[in-house]
Amino acid sequence: MIRPEFFINTLGKYGIDFFAGVPDSLLKNICAYITDHFNAEHNIITANEGAAIGLAAGLYLATGKPACVYMQNSGEGNTVNPLASLTDKEVYNIPVLLVIGWRGRPGVHDEPQHVKQGKITTALLDVMGISYEVLSKDEKEAAIQIDKAAKALQNKDVFALVIEKDTFDDYKLQNVESNNLTMSREEAIQAVASALAPKDVIVSTTGMISRELFEYRTAMNQGHERDFLTVGSMGHASQIALGIALEKKDRKVWCFDGDGATIMHMGSLAIVASKKPANYIHVVFNNGAHDSVGGQPTVGLKIDLPAVAKAVGYANTYSVDNRKALDEILGNVGSVEGPVLIEVKVNKGNRKDLGRPTTTPIENKEALMEFLKK
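As the structure is a prediction and not an experimental result, all values here were calculated from the model.

## Side note on empty space enclosed by the protein
Thinking step 1. Counted according to the given criterion, the structure contains 1 cavity of 30 Å³ or more.
Thinking step 2. In this model, the largest cavity occupies a volume close to 50 Å³.
Thinking step 3. Forming the boundary of the largest cavity are Gly-235, Ser-238, Asp-257, Ala-261, Thr-262, His-265, Met-266, Ser-268, Leu-269 and His-282.
Thinking step 4. At the level of secondary structure, the elements contributing two or more residues to the lining of the largest cavity comprise α10 (259-264) and α11 (267-275).

Below is the structure:
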């Protein structure tokens with residue numbers, strides 16, 4: 001395997017010292033190393049991957065130096081527009097180094113939401129005319145590949161290094177930001193889920209939130225038909241919930257969201273508000289971290305999400321950071337006009353033995369659709 005310091009220092013020899021992107025579990029060791037060794041102006045965790053391409057373009061315009069943009073392959077879709085219409089050699093011809101975690105690589109077992117993206121990861125690069133190398137796990141060979149990438153960047157090309165599982169040695173983040181909050185996300189999810197009426201529906205976002213909700217239902221010997229577990233498509237749970245809420249006005253529809261997912265497509269808040277769904281309750285479990293991919297920070301706890309929601313037109317907004325306050329809100333929210341946003345501030349981390357959903361996405365979808373017919 002490759003030492004993170006070797007990889008980052010080798011990039012540095014070619015003048016690459018600016019990093020931007022969205023963390024990925026396959027890249028968590030190099031993301032942790034970057035966080036510990038670069039200041040906040042040279043490592044920016046962006047709202048989404050396309051925004052990171054924009055940042056890289058701005059850096060190049062200001063300095064003439066290429067940036068490194070890191071992402072999970074599921075984020076490739078967010079980059080297609082700026083890669084095709086901004087950095088492409090037929091438009092502005094701006095060099096960028098892409099470092100892409102290859103989840104769902106064919107032949108390697110992974111979660112269902114990664115299977116299709118794994119199959120098309122390199123094909124998308126081919127379609128966009130982006131040269132790439134699957135990074136070797138041998139440092140000597142990796143150095144040769146990085147040199148090839150650097151030469152492409154000197155030619156003002158975009159170049160990608162595609163990262164397989166277990167490419168990088170372990171590196172533990174030293175500069176860990178703690179939020180000193182007392183309520184766990186799992187406790188908060190259980191509190192909200194237990195307060196729902198029998199006909200209420202939940203749309204939960206990708207990552208730990210859906211996993212913790214699934215385990216709660218199992219522990220309580222409940223079915224999963226009331227929950228749509230959005231295991232992929234990060235940032236879009238709020239719109240899935242809106243689509244249901246607009247058609248099923250006789251039910252409360254709850255969106256269980258995360259701070260990273262909410263920030264990724266924050267404009268969706270404005271669309272929810274503009275449609276004025278009275279039966280819509282948006283719960284954002286905010287721990288200020290991308291918890292499921294290494295705990296890298298978001299700006300979630302540094303901004304006022306309820307104020308944003310209020311500004312775009314949510315009828316009512318709340319923020320709580322303890323169980324007592326959460327229970328009080330849940331006791332009253334059923335009679336409050338929506339759309340409602342409840343920010344629930346929670347601490348980082350999760351149980352080490354947390355499982356994954358045992359139903360398939362299609363089984364989950366079909367069970368929910370049957371439930372919505374009742």
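What follows picks up the thread again.
## Looking at the sheet that holds strand β1 (residues 19-21)
Thinking step 1. An order of β2-β1-β3-β4-β6-β5 is seen for the 6 strands of this open sheet, with the pairing classed as parallel. Each of the sheet's edge strands pairs with one partner strand only, and the pair in question is β2 (43-45) and β5 (131-134). Neighbour-to-neighbour, the strand axes of this sheet turn through a mean angle of 20 degrees, independent of strand direction.
Thinking step 2. Judged from the 5 bridges that link them, strand β3 (residues 68-72) and strand β4 (residues 96-101) form a sheet pairing that is parallel. Among the inter-strand pairings, Val-69 is bridged to a residue of β4, identified as Leu-98.
Thinking step 3. The sheet strands contacting helix α6 (residues 139-154) are β4, β5 and β6 (158-163), and the helix crosses β6 at an angle near 155 degrees.

## Considering the layout of surface pockets
By rolling a water-sized probe across the atoms, one finds the places where empty space is left.
Thinking step 1. Taken as a whole, the second largest pocket spans an internal volume of roughly 360 Å³.
Thinking step 2. Asn-43, Ile-44, Ile-45, Pro-297 and Val-299 are, among the 17 residues lining the second largest pocket, the residues nearest its centre.
Thinking step 3. Those elements that place two or more of their residues in the lining of the second largest pocket are β2 and α10.
Thinking step 4. The dominant element in the lining of the second largest pocket, judged by the number of residues it contributes, is β2, at 3 residues.
Thinking step 5. A class-by-class count of the residues in the lining of the second largest pocket yields 8 nonpolar, 7 polar and 2 charged.

## Considerations on unusual backbone geometry
Thinking step 1. Looking along the chain, the bond that leaves Gly-338 and enters Pro-339 is cis, with omega of 5 degrees.
Thinking step 2. In this structure, Pro-339 sits in the loop between α13 (323-332) and β14 (340-345).
Thinking step 3. You will see that Asn-221, though not glycine, has its phi angle at about 55 degrees, which is positive.
Thinking step 4. Summarising the element assignment, Asn-221 is placed in the loop between α8 (208-219) and β8 (227-229).
Thinking step 5. Residue Asn-221 is classed as exposed on the basis of its relative accessible area of 74%.

## Some points on helix α4 (residues 76-87)
Thinking step 1. In this model, α4 (12 residues) spans only 14 Å end to end at C-alpha, well below the 16 Å of a helix rising 1.5 Å per residue.
Thinking step 2. Taken together, the buried positions of α4 are Glu-76, Thr-79, Pro-82, Leu-83 and Thr-87. With its buried residues spanning 120 degrees around the axis, α4 presents them on a single face.
Thinking step 3. Looking at the buried positions of α4, the neighbouring elements they touch are α3 (49-63), β3, β4, α5 (112-127) and β6.

Rules and cut-offs
Residues numbered from 1 in each chain as written. Predicted model: local features only at pLDDT ≥ 70, side-chain atom pairs only at ≥ 80, totals over all residues. Heavy atoms only, no water. 1 Å grid on protein atoms, 1.4 Å probe; cavity = no way out; pocket = protein on both sides within 12 Å on 5 of 7 lines; lining within 4 Å. Points joined across faces, edges and corners; volume = space filled by probe spheres on them. Helix = DSSP H or I, 4+ residues; strand = E, 2+ residues; numbered from the N terminus. Pairing = 2+ DSSP bridges. Axes fitted to C-alpha atoms, helices over the stretch in contact; angles between N-to-C directions. Contact = heavy atoms within 4.5 Å. Nonpolar A, V, L, I, M, F, W, Y, C, P; charged D, E, K, R; others polar. Buried < 20%, exposed > 50% of the residue type's maximum accessible area, 1.4 Å probe, protein only. Expected span 1.5 Å × (residues − 1). Arc of directions from axis to C-beta.

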